[in-house]
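The lines below spell out each chain.
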Amino acid sequence: FYGHLFQLKSESYALLCLTFSMVQLCDAFVMLPLRSTMTWQKTYYEKLLFYGNYVLCLCLGLLCVVFVSYWNIEWRGGFAWDASFLQFNWHPVLMVTGLVVLYGNAAILYRIPFTWSQRKQHWKLVHAALLLSSLILSILGLCAVFDFHTGYHIPNLYSLHSWVGIFTVVLFTAQWLLGLVGFLSPCSPLGFRKLLKPVHAWMGMAIFILSLASCLSGINEKLLLALNGNSNSTAAYSSHPAEALFANFLGVLIVAFGLVVLGILSNQRWKRPEPGEESSRKM
């Protein structure tokens, strides 16, 4: 009886081992390729979704620059650098181009999957160069409006728009200098970089949001001052003249551009992987 029971247990154990082996073979030849296919499809979808958003971001940024330039050429008389109204026209163009479009594209540079397989140091230099270009254009935009105010004896920094704008540029300057010292200086310790990184990212998003607010309030302020209805050559803002509708649509484009940039920055799946994560998040 005991011998028969032992033989039965042995046969059951052998059957169990055979079943387990068949399950492993099924997983190796059926489930593993299926999981690999699903992973590849998910990666392809994420990559396609990112580049769709990125192309949309580039198109909206280009439209913002074209619209703000056309607005000041068609309705404001063009450009000059002689402390006149034509010099003031450089202010919105330089601010939208530098403080919004260039800044936004510099902010999402690390999110481009193409850059993940390359040395980060090279892209740090590109990131810093784009932001420096943005900062220079912003400072030139401030010079344009300050020169215009001086020439016409208009007080500086009296409006909420000017307060937010100057604070944004000052904060931007401090952010760029801090990033230069913290991330590009060879003397910067690793512990300081790790401590600075989340602060740098948060300040970057805050500056971009302030830039959007500055440009939108500036467009609205310009329209309220220029289209006051007191001149025979201009209609009142409230009567919906073509210039007002065009400039309002420019504001909508700036909002759309900002939303796309912030959407890319807030998606953690599109964040550049840290060392050791490349294999699990490679796009």
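About the thresholds
- Residues numbered from 1 in each chain as written.
- Predicted model: local features only at pLDDT ≥ 70, side-chain atom pairs only at ≥ 80, totals over all residues.
- Heavy atoms only, no water.
- Helix = DSSP H or I, 4+ residues; strand = E, 2+ residues; numbered from the N terminus.
- Buried < 20%, exposed > 50% of the residue type's maximum accessible area, 1.4 Å probe, protein only.
- Contact = heavy atoms within 4.5 Å.
- UniProt positions renumbered as here; feature names shortened; annotations may be inferred.
- Salt bridge = Lys/Arg side-chain N within 4 Å of Asp/Glu carboxyl O.
- Axes fitted to C-alpha atoms, helices over the stretch in contact; angles between N-to-C directions.
- Parallel < 35°, antiparallel > 145°, perpendicular 65-115°, else oblique.
- Left-handed = near helix turned anticlockwise from the far one by under 90°.
- Nonpolar A, V, L, I, M, F, W, Y, C, P; charged D, E, K, R; others polar.
- Core = buried A, V, L, I, M, F, W, Y, C linked by side-chain atoms within 4.5 Å.

### Quick notes on the environment of Leu-94
Note on placement: Leu-94 falls in helix H3 (residues 90-107). Owing to a relative accessible area of 11%, Leu-94 belongs among the buried residues under this scheme. Along the primary structure Leu-94 and Val-68 are separated by 26 residues, whereas in three dimensions their C-alpha atoms are 9.3 Å apart. What Leu-94 contacts, discounting residues up to four positions off in sequence, is Leu-99, Leu-137, Leu-140 and Gly-141.

### Details of the UniProt feature "transmembrane region" (unreviewed entry) in the protein
Those residues carrying the UniProt feature "transmembrane region" (unreviewed entry) are residues 12-32, 53-73, 93-113, 125-148, 160-187, 199-219 and 245-265 in this numbering. For residues 53-73, helix accounts for 100% and strand for 0%, while the C-alpha atoms at its two ends are 30 Å apart. With 100% helix and 0% strand, residues 245-265 has end C-alpha atoms that lie 30 Å from one another.

### Topic: the side chain of Asn-72
Within the element layout of this structure, Asn-72 appears in helix H1 (residues 2-74). Discounting chain neighbours no more than four positions away, the residues touching Asn-72 are Gly-77, Gly-78, Phe-79, Asn-89, Pro-92 and Val-93.

### Comments concerning the pattern of salt bridges
Taken as a whole, this structure holds two salt bridges when the rule is applied. Of the charged contacts, one joins Glu-46 and Arg-269 as a salt bridge, the two residues approaching to 2.7 Å between their closest N and O atoms. Linking Glu-46 in helix H1 with Arg-269 in the loop between helix H7 (242-266) and helix H8 (278-281), this pair joins segments that are 223 residues apart in sequence. Arg-76 serves as the salt-bridge partner of Glu-243, at 2.9 Å between the closest nitrogen and oxygen. With Glu-243 in helix H7 and Arg-76 in the loop between H1 and helix H2 (85-88), this pair connects stretches of sequence that are 167 residues apart. A residue is classified by how much of its surface remains accessible, and Glu-243, at 6% relative accessible area, is buried.

### Let's talk about the packing of H3 against helix H5 (residues 160-184)
In helix packing, the relevant descriptors are the interaxial angle and the interaxial distance, both defined with respect to the helix axes. In the contact formed by H3 and H5, the axes pass within 13 Å of each other and the chain directions differ by 45°. When the interaxial angle is binned, H3 and H5 end up oblique. Considering the relative orientation of H3 and H5, their crossing is left-handed. Here His-91, Leu-99 and Tyr-103 of H3 lie close against H5, whose contacting residues are His-161, Thr-168, Val-169 and Phe-172. Here the residues of the contact of H3 with H5 are counted per class, giving four nonpolar, three polar and no charged.

### A closer look at the nonpolar core
Of all hydrophobic cores here, the largest spans 49 residues; its most connected members are Trp-71, Ile-254 and Phe-257. At 12 residues, the largest contribution of residues to this core is made by H7. Residue contacts for Trp-71: discarding those within four places in its chain leaves Arg-76, Ile-219, Lys-222, Leu-223, Glu-243, Phe-246, Ala-247 and Leu-250.

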